[in-house]
Amino acid sequence: MNAPVSPDALRRQPTDWKGDAMRKRIASRYASERRFRRIGLAAILMSAGFLAYLMISMLSGGLGGFTRTEIAVRVDFPKAPIVIDPASLRGEGAEAVLSSVNWQALTDQAATSALGKDGAWIAPGAWLVVRDAVKADPAILQKSVTLHLPASAELDVAAKSEGQPAAEAAYARLEKAGLTSRAINWDFLTSSDGTDPTQVGIWGAFKGSLLTMAVTLLLSFPVGVLAALYLEEYAPRNRWTDMIEVSINNLAAVPSIIFGLLGLAVFLNVLHLPRSAALVGGLTLALMTMPVIVIAGRNAIKAVPPSIRDAALGIGASPIQVVFHHVLPLALPGIMTGTIIGMARALGETAPLLMIGMRAFIASPPGGITDPATVLPVQIFLWSDEVSKGFVEKTSAAIIVLLLFLLSMNSIAIYLRNKFERRW
Amino acid sequence: MSQPTPPKMSARNVNVYYGEKQAIQNVSIDVDTDNVTAFIGPSGCGKSTFLRTLNRMNDTVASARVEGEITLDGENIYSSGMDVVQLRARVGMVFQKPNPFPKSIYDNIAYGPRIHGLASAKADLDVIVESSLRRAGLWDEVKDRLKDSGTALSGGQQQRLCIGRAIAVEPEVILMDEPCSALDPIATAKIEELIHELRGRYAIVIVTHNMQQAARVSQRTAFFHLGTLVEYGSTSEIFTNPREDRTKDYITGRYG
Ligand SMILES: Nc1ncnc2c1ncn2[C@@H]1O[C@H](COP(=O)(O)OP(=O)(O)OP(=O)(O)O)[C@@H](O)[C@H]1O
Ligand SMILES: [Mg+2]
């Protein structure tokens, strides 16, 4: 076949496996392997270090946000300027009776009489605690009881870190009297945005994120997967599909704020969907997530071995049965990986949501996807902008909540992915 | 041979192209149920290509184009009225590389009957699974682990599983593309035995590179060369007294 080679050229020297040159080559091979391993290790250590720094600074700054400083105040109900019959608080009409009372005045008076001028350091929302205590046990109306009222933001800051001199002095006095304590701030987990840092909570933003993510997932997952399936399994290979492929790849790289503008223009101005709502936020983020799912999905579908398709076709499965019985289940883990990445990005997204009005001040949690809402990253952004020092901690605490949300979302997705993973 | 039966499948003047390139030239052949037909020929001569035209698996190759007429029980399988999905159920295929589904052994066999609605109750399906595995000579080895993955079997077991999967839908024709090329002599013998047992019940076409195997399992042999059908006749005649020199050279190992 080939041109004949001269016999001399074919006669080779035997390889010298024991010579110096060979030994040197082997030594340098091992050296480069060691070097490579050390560089890899250094890279891992560096990223682990950054992560550890982030976690430590976040936890040390943010855990305080989940607690509050409380001041023990003796409330002498019989002497208070209110007249409620404890019996009227049992059964129907209790709410009406409760709301007829000026708790604020009662609380202020009790604090002043118990603490003197330091009574001014209780939080503006402290009366809620008094009201709830009465609601829980109307019998205390005939007694004098000690209630732990939340301290104001300034005193809280003084207690936890460096506050203003007046607050520091007041805290020192109260602490010496043994009246201060630290307790978990359940309100932070159950209430929404507010103006006073002692009263704000994360629940509204959390629920907003939950609803927004639900809309995003419900829209982008099926549409993305179906688009990927169509492009891989059905679409003919021609100029049009090439163009669609390029567009989708580019769409995945478009800066998120552009999607926000798109959402503003289309969903709000043309379709007149409600502003600031989880529905519009979810739609906007779905646009952003879809290309990621399509790309990951196509790669996963491509990776399904053709022999499996042949096997199914060969015993008379229809194309759609091949796709849904064999290709999709095998591609699902890969599709889920793409979905995790896309959803994680969507969860942390702030800019496009600012464009569609999800930065509004919303003091009550959204009841549904069409109610005004905000989301965790936007809430973090808003709080980080507040001047009051009490919000610093709240910002860090909100970040912790966001990270936990992310972590649990990913854990569920990874669990599901491993469940579907099959070997072949 | 007794009463001549009409051929199960017959091909007339079939040409197959991959894009511009012609892979099969003017092949005409009849396949019947009483005989096992072997396709032999050097690598790249178009055996697989031709085999895949018989159940329209070539439809999945975008560039492939088929001309000519291929009939199953007298009906042209390339006519527009032919249902490809049903055709592939009637003309089953076993591939060169074992390709069980990454599902349980039971589900591998039960998949075909399920999608074609051949069993209404679980008990019926159990019967189909057991009988298919028995006919494929695999039942005794797997009866205690039907829930295990089909991909966890050995190569030879996987191939027998694939044969069991093909016969579970009771096809009329079975096409086998080098079914034993990855198997050891024992597994090969089992599959050859199986082919003997299936003969008469199904029309069987087997592609093989192993001359002894062709001689052992088939009654009729077709020799392909460079996309053409050089010679087609009874196996004994082809092996003992070939008409063409090319056939003789190939069988005696002078080229291939
Ligand atoms: N999908 C394809 N696209 C283009 N050409 C192909 C394709 N499949 C096969 N061919 C060509 O068609 C010819 C016949 O191939 P085929 O696979 O039918 O050979 P074969 O006889 O089965 O060979 P082997 O014994 O090695 O399996 C070869 O020249 C091959 O290159
Ligand atoms: Mg082949």
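This write-up is about the structure you can find in this document. Quick caveat, the model's predicted, so the values are computed rather than measured. (Residues numbered from 1 in each chain as written. Chains lettered and ligands numbered in written order. Predicted model: local features only at pLDDT ≥ 70, side-chain atom pairs only at ≥ 80, totals over all residues. Heavy atoms only, no water.)

Summed over the entire model, instances satisfying the criterion amount to 25 salt bridges over all chains. Where K122 of chain B meets D126 of chain B, a salt bridge forms, and the shortest distance between an N and an O atom there is 2.9 Å. One end of the pair is K122 of chain B and the other is D126 of chain B, both in helix α4 (residues 122–135) and four residues apart, which spans about a single turn. The exposure class of K122 of chain B is exposed, given its relative accessible area of 54%. Residue D126 of chain B is classed as partly exposed on the basis of its relative accessible area of 32%. Linking E170 of chain B and R135 of chain B is a salt bridge whose minimum nitrogen-to-oxygen distance equals 3.0 Å. On the criterion of sequence distance, the pair formed by E170 of chain B in the loop between α6 (155–167) and β7 (173–177) and R135 of chain B in helix α4 is long-range, its members being 35 residues apart. What makes R135 of chain B buried here is its relative accessible area of 18%. Here the salt bridges do not stand alone but share partners, grouping E232, R237, E245, R298 and K302 of chain A into one network. (Salt bridge = Lys/Arg side-chain N within 4 Å of Asp/Glu carboxyl O. Helix = DSSP H or I, 4+ residues; strand = E, 2+ residues; numbered from the N terminus. Buried < 20%, exposed > 50% of the residue type's maximum accessible area, 1.4 Å probe, protein only.)

A turn of α-helix holds 3.6 residues, and therefore any two residues three or four places apart point the same way. All names here are of chain A. Helix α16 (residues 376–384) sits mainly inside the fold: seven of its nine residues count as buried. Of the residues making up α16, those classed as buried are L376, P377, V378, Q379, I380, L382 and W383. Buried-residue contacts for α16 involve α8 (186–190), α9 (203–234), α14 (319–347), α15 (351–355) and α17 (390–420). (Contact = heavy atoms within 4.5 Å.)

A few words now on a nonpolar patch on the surface. Residue and element names in this part refer to chain A. Taken together, the side chains of L51, L54, M55, L59 and L63 define a hydrophobic patch exposed on the protein surface, amounting to about 430 Å² of accessible area. If you trace the backbone, L51 turns up in helix α2 (residues 20–62). For L51, a relative accessible area of 53% corresponds to the exposed category. (Patch = residues over 30% accessible without salt bridge, like charges linked within 9 Å, V, L, I, M, F, W, Y side chains within 5 Å. Areas by Shrake-Rupley, 256 points an atom, 1.4 Å probe, with all protein chains shown as cover.)

Residues and elements named next belong to chain B. The full set close to ligand 1 counts 13 residues, and S43, K47, S48, T49 and H209 are the nearest of them. A distance of 2.8 Å is found between an oxygen atom of ligand 1 and a backbone nitrogen or oxygen belonging to G44. In isolation ligand 1 offers 630 Å² of accessible surface; the protein chains occlude 64% of this area. Contributions of two or more residues to the shell around ligand 1 are made by β2 (21–31) and α1 (47–53). No other element matches the three residues that α1 contributes to the shell around ligand 1. For the shell around ligand 1, the class distribution of residues is four nonpolar, six polar and three charged. (Near = heavy atom within 4 Å. Polar contact = N/O pair within 3.5 Å; in protein donor to acceptor, adjacent residues only side chain to side chain. Nonpolar A, V, L, I, M, F, W, Y, C, P; charged D, E, K, R; others polar.)

This part covers helix α4 (residues 103–115) of chain A. Residue and element names in this part refer to chain A. Here α4 contains 13 residues, and its C-alpha end-to-end distance of 18 Å stays within 8% of the 18 Å for a straight helix at 1.5 Å per residue. Turning to α4, its buried residues number three or more, namely W103, L106, T107, A110, A111 and L115. Within α4, the buried residues cover an arc of 130 degrees as seen down the axis, which keeps them to one side. Where α4 is buried, its residues touch β1 (67–76), α3 (94–99), α5 (127–136), β2 (144–150) and α7 (165–176). (Expected span 1.5 Å × (residues − 1). Arc of directions from axis to C-beta.)

Moving on, we get to the packing of α16 of chain A against α17 of chain A. Packed helices, taken two at a time, are described by the angle their axes make and the gap between the axes. Residue and element names in this part refer to chain A. It is at 9 Å that the axes of α16 and α17 come closest, and there the two elements cross at 165 degrees. Taken as axis vectors, α16 and α17 run roughly antiparallel relative to one another. The two elements α16 and α17 meet at a crossing, and its hand is left-handed. Each of L376, P377, I380, W383 and S384 in α16 lies in contact with α17, whose residues at this interface are F391, K394, T395, A398, I399, V401, L402 and F405. (Axes fitted to C-alpha atoms, helices over the stretch in contact; angles between N-to-C directions. Parallel < 35°, antiparallel > 145°, perpendicular 65-115°, else oblique. Left-handed = near helix turned anticlockwise from the far one by under 90°.)

Together, R34, R35, R37 and R38 of chain A line one region of the surface with positive charge. Tracing the backbone shows R37 of chain A in helix α2. (Lys, Arg positive; Asp, Glu negative; His and termini not counted. Charge placed at Lys NZ, Arg CZ, Asp CG, Glu CD.)

The next thing to look at is the packing of α9 of chain A against α16 of chain A. Residues and elements named next belong to chain A. Where α9 contacts α16, the two axes come as close as 8 Å, and the packing angle between them is 145 degrees. Touching A205, F206 and S209 of α9 are L376, P377 and Q379, all from α16. Grouping the constituent residues of the contact of α9 with α16 by class yields four nonpolar, two polar and no charged.

Shape is all these values report; function is a separate question.
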